[in-house]
Amino acid sequence: MKSANQRSAPPRRLHKPETVVLFVVAQQLFAIAADSVQEIRSTDSLAGAANEIEQPELSKVRHTIERGHRIYYVVNAGVHFGLPVTRPALVLILRQRRTAVLIDRIERMAEISTVYPLPLGFTGDERRWYRGLAYVDDLVIPVVQPGGFLTAEEVQRLDRTAKAAASQRELEGAVQA
């Protein structure tokens, strides 16, 4: 037999807390799942390792970096989100993606209990960019979808451009030798 307290209590939905990295781009705060970030580096530490890539249709990507025999396309988050131009100080190298993201700074790590669905006011690309919204310290923060920075088609286009640029560099190196 159940007591009165047991009968009147509504069922509770338990959410497993998720650790996120809160980061800033052009004074805007974003969150990304901590387990989707492989590495956080200073842009200064990558200065000599970055190669330029020119893809006019994808102005958000201007460089590639190689980490562990893998090419990553460096997305400028400010350009991606349509925010004012800043001087990014950090790069997030994403796990299980060939994407690295330029950001201004890390605010901190936080734990969120729920990612809320996007309101209907979010349309178009925004629906691909964000997983949803989180509530942290009286702020509503967009939670970034790691795969939203570059589509599979964009990665393929960048692969073709990077391959052509590498061939051009090899050709120029052979001519100079």
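Since we're looking at a predicted model, the values are computed, not measured.

Caption draft 1: Region of interest: the pattern of salt bridges. Counted under the stated rule, the structure contains nine salt bridges. Arg41 is the salt-bridge partner of Glu39, the closest N and O atoms lying 3.0 Å from each other. Note that Asp125 is salt-bridged to Arg128, the shortest N-O span being 3.4 Å. Residue Asp125 is classed as partly exposed on the basis of its relative accessible area, which comes to 44%. One salt-bridge network, in which partners are shared between bridges, spans Glu39, Arg41 and Arg67.

Caption draft 2: Fine view of the pairing of strand 1 (residues 18-25). Most of strand 1 is tucked away, with six of its eight residues classed as buried. The sheet contact formed by strand 1 and strand 9 (residues 105-112) spans seven bridges and is antiparallel. If you follow Glu18 over to strand 9, its bridge partner there is Ile112. Where strand 1 lies against strand 2 (residues 28-33), six bridges are found, and the strand directions are antiparallel. In the sheet register, Val24 faces strand 2, and the bridge partner there is Leu29.

Caption draft 3: Geometry of the environment of Glu52. Assignment of secondary structure puts Glu52 in strand 4 (residues 51-52). Along the chain, Glu52 and Ala165 lie 113 residues apart, while their C-alpha atoms are 8.7 Å from each other.

Caption draft 4: Up close: unusual backbone geometry. The phi dihedral of Ala26 falls on the positive side, at around 50°, and the residue is not glycine. With a phi close to 70°, Gln27 is a non-glycine residue in the positive phi region. By the secondary structure assignment, Gln27 is in the loop between strand 1 and strand 2.

Caption draft 5: Local environment of the pairing of strand 10 (residues 130-136). Most of strand 10 sits inside the fold, with five of its seven residues counted as buried. In this structure, the hairpin formed by strand 10 and strand 11 (residues 139-144) is closed by a connection of two residues, where Asp137 is found at a positive phi of approximately 50°.

Caption draft 6: Spotlight on the sheet that holds strand 3 (residues 37-42). Pairing in this open sheet of six strands is mixed, and the strands run 3-7-8-6-5-4 from one edge to the other. Taken across any chain shown, the strands that pair with only one partner, and hence form the sheet edges, are strand 3 and strand 4. Two strands pair when backbone bridges link them, and strand 5 (residues 61-67) and strand 6 (residues 70-76) are joined in this way by six bridges, in the antiparallel orientation. Looking across to strand 6, one finds that Arg67 is bridged to Arg70.

Caption draft 7: Broad picture of the environment of Arg87. Here Arg87 shows up in the loop between helix 3 (77-81) and strand 7 (90-94). The exposure class of Arg87 is exposed, given its relative accessible area of 77%. In sequence terms Arg87 and Asn76 are 11 residues apart; their C-alpha atoms lie 9.8 Å from each other.

Caption draft 8: Region of interest: the confidence of the model for the protein. Looking at the protein, pLDDT values average 87 and 88% of them are 70 or higher. For the protein, per-element mean pLDDT is lowest for helix 1 (residues 4-8), which scores 51, and highest for strand 2, which scores 98. Here residues 8-13 scores under 50 on pLDDT; set against residues more than four positions off or in separate chains, the count is zero contacts.

Caption draft 9: Region of interest: the nonpolar core. Phe23, Ile32, Tyr73, Phe81, Leu92 and Ile103 are the most contacted members of the largest nonpolar core, which totals 30 residues. Where this core is concerned, the elements lending two or more residues are strand 1, strand 2, strand 6, helix 3, strand 7, strand 8 (99-103), strand 10 and helix 5 (152-176). The contact partners of Phe81, leaving out residues within four places of it in the chain, are Phe30, Trp129, Tyr130, Val144 and Phe149.

Procedures and definitions
- Residues numbered from 1 in each chain as written.
- Predicted model: local features only at pLDDT ≥ 70, side-chain atom pairs only at ≥ 80, totals over all residues.
- Heavy atoms only, no water.
- Salt bridge = Lys/Arg side-chain N within 4 Å of Asp/Glu carboxyl O.
- Buried < 20%, exposed > 50% of the residue type's maximum accessible area, 1.4 Å probe, protein only.
- Helix = DSSP H or I, 4+ residues; strand = E, 2+ residues; numbered from the N terminus.
- Pairing = 2+ DSSP bridges.
- pLDDT = per-residue confidence, 0-100.
- Contact = heavy atoms within 4.5 Å.
- Core = buried A, V, L, I, M, F, W, Y, C linked by side-chain atoms within 4.5 Å.

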